[in-house]
Amino acid sequence: MSLAQLWQLQQLELDREKEQKQLDRQLIKALTKEKEALLARQEELKREKAEWEKTVKQSKRLRQEIAAIEAKKQALEQELYGGRVVNPKELGHLEDQWQNVEAKLNTLLEDYLNLEEKVATMENCLQVKHDQLVKDMDSYNQKARQVKEKWQEGKVRLQTLISHMEELEAQIDPSLLQQYRRLQEQLGTVALAKVQGGNCGGCGIQLPSMFRQQLKQGKLIKCENCGRLLVNS
Ligand SMILES: [Zn+2]
């Protein structure tokens with residue numbers, strides 16, 4: 001009777017190992033990694049946004065600079081064509097200045113257009129990345145909820161198994177239980193083997209026929225090959 005209960009106990013212990021493995025590995029680890037990756041993307045997006053803001057400011061400054069130079073150009077044109085200056089040398093000097101200003105203005109305008117294009121490209125890129133991140137975060141959160149639920153369900157199953165094991169342990173002869181625990185220290189969880197068709201269910205070796213008789217008489221017998229305690233099926 002006790003051996004049969006001991007067998008039940010071993011089955012419960014194997015179930016418990018399976019549940020514990022599930023709780024520890026797959027779910028939580030995968031989820032943690034995924035979350036880390038999402039947070040890294042979020043950080044990268046922040047950096048890119050800061051870079052975009054910097055570029056926008058740069059573009060604004062450039063626009064102000066252009067406005068100032070345009071004003072300067074207009075002032076020069078007024079002087080050139082206003083009729084106040086008639087001295088050819090002075091007019092020539094103004095003309096040179098105007099050309100310098102015009103050249104600078106053209107360079108700055110080109111820079112400004114390039115910068116504006118860069119800003120637009122960055123904006124698009126940010127938007128796409130942002131939208132994708134929001135989508136991925138949503139699906140992560142959904143998954144995280146499911147995993148959490150599964151995890152909690154697993155915990156409940158584990159708790160049930162443990163209390164069931166404790167009930168069984170209390171019913172098993174303490175010296176037999178002790179022997180089983182000592183055997184487990186050497187062999188791992190599977191310290192019991194069923195006799196299946198005259199063979200040891202643990203290692204498969206054929207057992208002497210007298211073993212079956214002795215088992216039926218309630219004797220404790222170990223497989224001579226693998227050392228497991230034999231249980232009649
Ligand atoms: Zn064996």
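Residues numbered from 1 in each chain as written. Predicted model: local features only at pLDDT ≥ 70, side-chain atom pairs only at ≥ 80, totals over all residues.

1. What about helix α4 (residues 174-187)?
Now for step 1: Taking 1.5 Å as the rise per residue, α4 with 14 residues should run 20 Å; its terminal C-alpha atoms sit 20 Å apart, in good agreement.
Now for step 2: Little of α4 is tucked away, with 1 of its 14 residues classed as buried.
Now for step 3: Downstream of α4 by one or two residues, Gly188 has phi in the positive range, about 90°. (Helix = DSSP H or I, 4+ residues; strand = E, 2+ residues; numbered from the N terminus. Expected span 1.5 Å × (residues − 1). Buried ≥ 20, exposed ≤ 12 C-beta atoms within 10 Å, placed from the backbone.)

2. Observations concerning the environment of Glu79
Now for step 1: Along the chain, Glu79 falls in helix α2 (residues 26-81).
Now for step 2: Residue Glu79 is classed as partly exposed on the basis of its C-beta count, with 16 C-beta atoms lying within 10 Å.
Now for step 3: Separated by 15 residues in sequence, Glu79 and Leu94 have C-alpha atoms that sit 7.9 Å apart.
Now for step 4: Among all residues touching Glu79, those that are not within four sequence positions of it are Arg84, Val85 and Leu94. (Contact = placed C-beta atoms within 7 Å.)

3. Describing the packing of α2 against helix α3 (residues 88-171)
Now for step 1: It is at 6 Å that the axes of α2 and α3 come closest, and there the two elements cross at 160°. It follows from the interaxial angle that α2 and α3 lie roughly antiparallel. Handedness of the crossing formed by α2 with α3: left-handed. (Axes fitted to C-alpha atoms, helices over the stretch in contact; angles between N-to-C directions. Parallel < 35°, antiparallel > 145°, perpendicular 65-115°, else oblique. Left-handed = near helix turned anticlockwise from the far one by under 90°.)

4. Regarding the sheet that holds strand β3 (residues 229-231)
Now for step 1: Ordered by their spatial adjacency, 3 strands build an open sheet running β2-β1-β3, and the pairing between neighbours is mixed. This sheet does not close on itself; its edge strands, each paired only once, are β2 (199-200) and β3.
Now for step 2: Where strand β1 (residues 192-196) meets β3, 3 bridges bridge the pair, whose relative direction is parallel. Note that in β3 the partner of Leu192 across the bridge is Leu229. (Pairing = 2+ DSSP bridges.)

5. Here we look at the domain arrangement of the protein chain
Now for step 1: In terms of domains, the protein chain is made up of domain 1 (2-171) and domain 2 (179-231).
Now for step 2: Summarising the inter-unit geometry, the C-alpha centres of domain 1 and domain 2 are found 62 Å apart.
Now for step 3: In terms of residue class, the side of domain 1 that touches domain 2 is made up of 4 nonpolar, 1 polar and 2 charged. (Domains from an automatic or database assignment. Nonpolar A, V, L, I, M, F, W, Y, C, P; charged D, E, K, R; others polar.)

6. Topic: the pairing of β1
Now for step 1: Two strands pair when backbone bridges link them, and β1 and β2 are joined in this way by 2 bridges, in the antiparallel orientation. Paired with Val195 across the two strands is Cys200, which belongs to β2.
Now for step 2: Hairpin connection, β1 to β2: the antiparallel pair is bridged by 2 residues, and Gly197 has positive phi, about 55°.

7. Digging into the nonpolar core
Now for step 1: Among the nonpolar cores identified, the biggest contains 12 residues, and these are Leu6, Leu9, Tyr180, Ala191, Leu192, Ala193, Cys200, Leu207, Phe211, Cys223, Leu229 and Leu230.
Now for step 2: Elements with a minimum of two residues in this core: α1 (2-24), β1 and β3.
Now for step 3: Excluding anything up to four places from it in sequence, Leu230 contacts Ala193, Val195, Cys200, Phe211, Leu215, Ile221, Lys222 and Cys223. (Core = buried A, V, L, I, M, F, W, Y, C linked by C-beta atoms within 7 Å.)

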